[in-house]
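# Results of the structural survey
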Amino acid sequence: MKKILVFLADGFEEIEALTLVDVLRRANVQVDTCSLEEKLVRGTHDIYVQADVLLDEDLDEYDGIYLPGGMPGAKNLQENSKVQEMIKEYFSKGKLVSAICAAPIALNSTGILKDKKGTSYPGFEDQLEYQEYVEAPVVVCDNLITSRGPATALLVAFEILNYLGYKNETETIKEDMLFHLIVQNQKQ
């Protein structure tokens with residue numbers, strides 16, 4: 001079973017965090033939410049979530065990390081030295097590092113974006129040192145996956161599942177969630 005760690009910093013975007021947790025757990029991926037300080041974390045829209053683990057615990061056994069955006073959540077991730085260390089460590093070991101919306105600013109501070117392509121929420125381009133900035137819903141570049149914002153949360157969750165080797169589960173979950181209705185609606 002694969003294991004993913006989702007950071008929850010005060011001011012995180014609820015849709016971006018919880019959509020990923022929900023989708024990956026449907027595929028039987030172990031997903032733990034991680035608070036930077038206290039177990040109860042306030043989202044950017046005043047929804048409180050109780051984290052599974054705290055940042056000061058042993059967090060080395062995961063296959064990847066995911067950073068939801070939201071403000072000031074993304075800024076809090078960027079300014080936390082332990083989160084910065086973990087991003088660098090996971091990336092250098094070839095483990096999955098993923099961020100959505102404003103959260104790539106936390107990745108940028110580590111220097112890992114310099115020779116990568118990726119994306120973010122519109123307006124953050126000037127804070128990111130990608131080799132190539134791409135205005136796509138989800139961008140996969142080696143062990144780095146980035147996405148645009150709340151509306152792309154399902155897409156990045158599916159892409160992370162595929163990356164982890166859960167392709168069959170991804171298709172089943174898409175079908176169970178009626179994802180095809182969104183795709184059909186876009187074609188009309």
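Everything here concerns the structure above.
The structure contained in this document is the topic of the report that follows. Just so we're clear, the structure is a prediction, and the values are computed from it rather than from any experiment. Every chain's residues receive numbers from 1 upward, in the order its sequence appears when written. This being a predicted model, a pLDDT of at least 70 is required before a residue's local features are given, and a value of 80 or more before pairs of side-chain atoms are given or counted; all residues contribute to the totals for chains, interfaces and linings. Side-chain measures here rest on the full set of heavy atoms in the structure, leaving out hydrogens and waters.

## Quick notes on the nonpolar core
Note the following rule: The nonpolar core is taken to be a set of buried Ala, Val, Leu, Ile, Met, Phe, Trp, Tyr and Cys residues, with the residues joined through side-chain atoms within 4.5 Å. Residue burial is assigned from relative accessible area. The probe radius is 1.4 Å, only protein chains are included, and a residue is buried under 20% of its type maximum, exposed over 50%, and partly exposed in between. Only DSSP runs of H or I with at least four residues qualify as helices, and only runs of E with at least two residues qualify as strands; both kinds are numbered from the N terminus onward. Any two residues whose heavy atoms approach within 4.5 Å at even a single point are treated as in contact.
Leu5, Phe7, Leu67, Ile87, Val97 and Leu107 are the most contacted members of the largest nonpolar core, which has 31 residues in total. At the level of elements, strand S1 (3–8), strand S6 (64–67), helix H2 (73–78), helix H3 (81–92), strand S7 (96–100) and helix H4 (104–108) are the ones that each hand at least two residues to this core. Residue contributions to this core peak at five residues, all from H3. Apart from residues lying up to four places away in sequence, leucine 5 is in contact with Asp32, Cys34, Val53, Leu59, Tyr62, Gly64, Ile65, Tyr66 and Met86. In this structure, Ile4, Leu24, Ala157 and Phe179 belong to the second largest nonpolar core, which totals 30 residues.

## Let's talk about a negative patch on the surface
What counts is decided by this rule: What makes a patch is a set of residues exposed beyond 30% relative accessible area and free of salt bridges, joined within 9 Å when like-charged and within 5 Å when nonpolar (Val, Leu, Ile, Met, Phe, Trp, Tyr). Method for areas: the Shrake-Rupley scheme with a 1.4 Å probe, in which residue coverage is limited to the protein chains shown. When a carboxyl oxygen of Asp or Glu lies within 4 Å of a side-chain nitrogen of Lys or Arg, that pair is called a salt bridge. The charged-residue count follows a simple rule in which Lys and Arg add positive charge and Asp and Glu add negative charge, with His and chain termini not counted at all. The atom standing in for a charge is NZ when the residue is Lys, CZ when it is Arg, CG when it is Asp and CD when it is Glu.
There is a patch of like negative charges on the surface, built from Asp56, Glu57, Asp58 and Asp60. Tracing the chain through its elements places glutamate 57 in the loop between strand S5 (53–54) and S6. Under the relative-accessibility criterion, glutamate 57 is labelled partly exposed at 34%.

## What to know about the side chain of asparagine 108
What counts here: Under the rule applied, a polar contact is a pair of N or O atoms within 3.5 Å (in protein, one hydrogen donor and one hydrogen acceptor; residues adjacent in sequence only if both atoms are side-chain atoms).
Inspection of the secondary structure puts asparagine 108 in helix H4. Taking the relative accessible area as the measure of exposure, asparagine 108 reaches 14% and is therefore buried. A polar contact is formed between the side chain of asparagine 108 and the backbone oxygen of glutamine 127, at a distance of 3.1 Å.

## A short note on the state of the cysteines
We apply this condition: Only a pair of cysteine sulfur atoms within 2.5 Å qualifies as a disulfide here.
Counted by the stated rule, this structure contains zero disulfides. Cysteine 101 takes part in no disulfide bond, and the closest cysteine sulfur, belonging to cysteine 34, lies 20 Å away.

## Some remarks on the pattern of salt bridges
Counted by the stated rule, this structure contains nine salt bridges. In this structure, aspartate 46 and arginine 42 form a salt bridge, with 3.2 Å as the shortest nitrogen-oxygen distance. The residue aspartate 142 makes a salt bridge to lysine 116 at a minimum N-O spacing of 2.6 Å. With aspartate 142 in the loop between strand S10 (138–141) and strand S11 (144–147) and lysine 116 in the loop between H4 and strand S8 (117–118), the pair connects residues that are 26 residues apart, well separated along the chain.

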